[in-house]
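Architecture and fold: a report
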Amino acid sequence: MSLLVIGTLAYDSIETPFARRENVLGGSAVYFSLSASNFGPVRLVGVVGGDFERKDLELLSTRGVDVRGVERVADGKSFRWSGRYEADWNTRTTLETQLNVFEHFDPKVPKNFRDSTFVFLANAEPKVQLRALEQCSSPGFVVADTMNLWIEIRRDELLEVLRRVDGIVLNDEEARMLTGERNLIKAAAKVRELGPRYVILKKGEHGAFLFGEDVRYALPAYPVDAVIDPTGAGDCFAGGFMGYLAAADCVEAPTLRRAMLYGTVTASFCVQGFGVEALEAKKRAQIESRFNEMLEFVTL
């Protein structure tokens, strides 16, 4: 298994109807890596400032994440995000985003990472994703994430990313914005015409869809008894999905469906704590237990 992720390492300040936390460890690559590491080793490329605590890199290392691709800018500040969730959990307001060292991030994929078979391009400016991908020698399966901002202001570069990846992760709003289609099935078909063989549509508490030429699959979200913080759930879904695929070293339809289920249950752990706290000590056996519960929910 060789799984590479390029994305953000960050500190978040999160406000929910029930609590507020400051300077919580986060970032797309952190959530992804902690989730994917349940299935095997992960190679991480990102950038942090001098304020990024070594204990947080050590946490990743202890979970089997190779952090030698994390660049430290000693006189810079790490990416920071602040947001507030409303009681329905679907309404999120970004209060502040500080790109800091990530604003001029030029990804440098270490030579011993460049042979990675499975690659996840976490949400970042499309030109950053392309620069990272160009350094990978012969990736077998590449999936990218994006956001509405890049669809609005970096559409041409994003379309180039879509031509060069095997899969794309979008939420329903992003899919509609990218294609102009209200119907999500039609939207997914149009996205596939832009290049990727597979489209994963995230619908938060309503689950996720997978569309491809050889597979169409839908799953509800795992029903948790209490949501604490939904930050990073989509990245955890991607981590579970890609982590399982890399461990299986297979992208055939049955494996993709199982990967969707693993992504769903991995994300369900994420929302049960602030930041990554519910992921830090999670073991594969707990993932498998919830996987089997989920099978009972979706099997006749």
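To be clear, the structure that these remarks concern was listed above.
My aim in this report is to walk through the structure given alongside it, one point at a time. (Residues numbered from 1 in each chain as written. Predicted model: local features only at pLDDT ≥ 70, side-chain atom pairs only at ≥ 80, totals over all residues. Heavy atoms only, no water.)

Considering the arrangement of structural elements, one finds Gly49 in strand β4 (residues 42-49). Classification of Gly49 by relative accessible area gives buried; the value is 0%. Sequence separation between Gly49 and Ala74 is 25 residues, and the spatial gap between their C-alpha atoms is 5.7 Å. In this structure, Gly49 is in contact with Arg72, Val73, Gly76, Lys77, Ser78 and Val101, ignoring residues within four places of it in sequence. (Helix = DSSP H or I, 4+ residues; strand = E, 2+ residues; numbered from the N terminus. Buried < 20%, exposed > 50% of the residue type's maximum accessible area, 1.4 Å probe, protein only. Contact = heavy atoms within 4.5 Å.)

Counting residues in each nonpolar core, the largest one holds 58 residues, and the members touching the most others are Leu9, Leu44, Leu60, Phe120, Phe241 and Met242. The element that contributes the greatest number of residues to this core is helix α9 (residues 253-270), accounting for 10 residues. Grouped together as the second largest cluster of nonpolar side chains are 43 residues, Val142, Ala144, Leu158 and Val161 included. (Core = buried A, V, L, I, M, F, W, Y, C linked by side-chain atoms within 4.5 Å.)

Below, the discussion takes up the side chain of Asp229. Within the secondary structure layout, Asp229 lies in the loop between β13 (216-219) and α8 (233-248). Buried Asp229, no salt bridge; nearest opposite-charge side chain is Arg92, N-O distance 7.6 Å. Within polar-contact distance, the side chain of Asp229 engages the backbone nitrogen of Gly275 at 3.0 Å. Other than its neighbours up to four places away in sequence, Asp229 contacts Ile14, Tyr85, Cys270, Val271, Gly273, Phe274 and Gly275. (Lys, Arg positive; Asp, Glu negative; His and termini not counted. Salt bridge = Lys/Arg side-chain N within 4 Å of Asp/Glu carboxyl O. Polar contact = N/O pair within 3.5 Å; in protein donor to acceptor, adjacent residues only side chain to side chain.)

A separate point is unusual backbone geometry. In this structure, Asn100 is a non-glycine residue whose phi angle is positive, near 50 degrees. Structurally, Asn100 is set in the loop between β7 (92-98) and β8 (118-121). At Asp249, a position not held by glycine, the phi torsion is positive, near 50 degrees. By the element assignment, Asp249 lies in the loop between α8 and α9. Look at Asp249 and you get exposed, because its relative accessible area is 57%.

It is worth spelling out the packing of aromatic side chains at this point. On inspection of all chains with the given rule, the structure shows 15 aromatic pairs. Here Tyr85 and Trp89 contribute two aromatic rings whose centre-to-centre distance is 6.3 Å and whose plane-to-plane angle is 50 degrees, an arrangement assigned as tilted. Looking at Tyr85, the relative accessible area reads 5%, which means it is buried. Relative to Tyr262, the ring of Tyr244 lies with its centre 4.6 Å away and its plane at 25 degrees, an arrangement referred to as stacked. (Phe/Tyr/Trp six-rings, centres within 6.5 Å; stacked < 30°, edge-to-face > 60°.)

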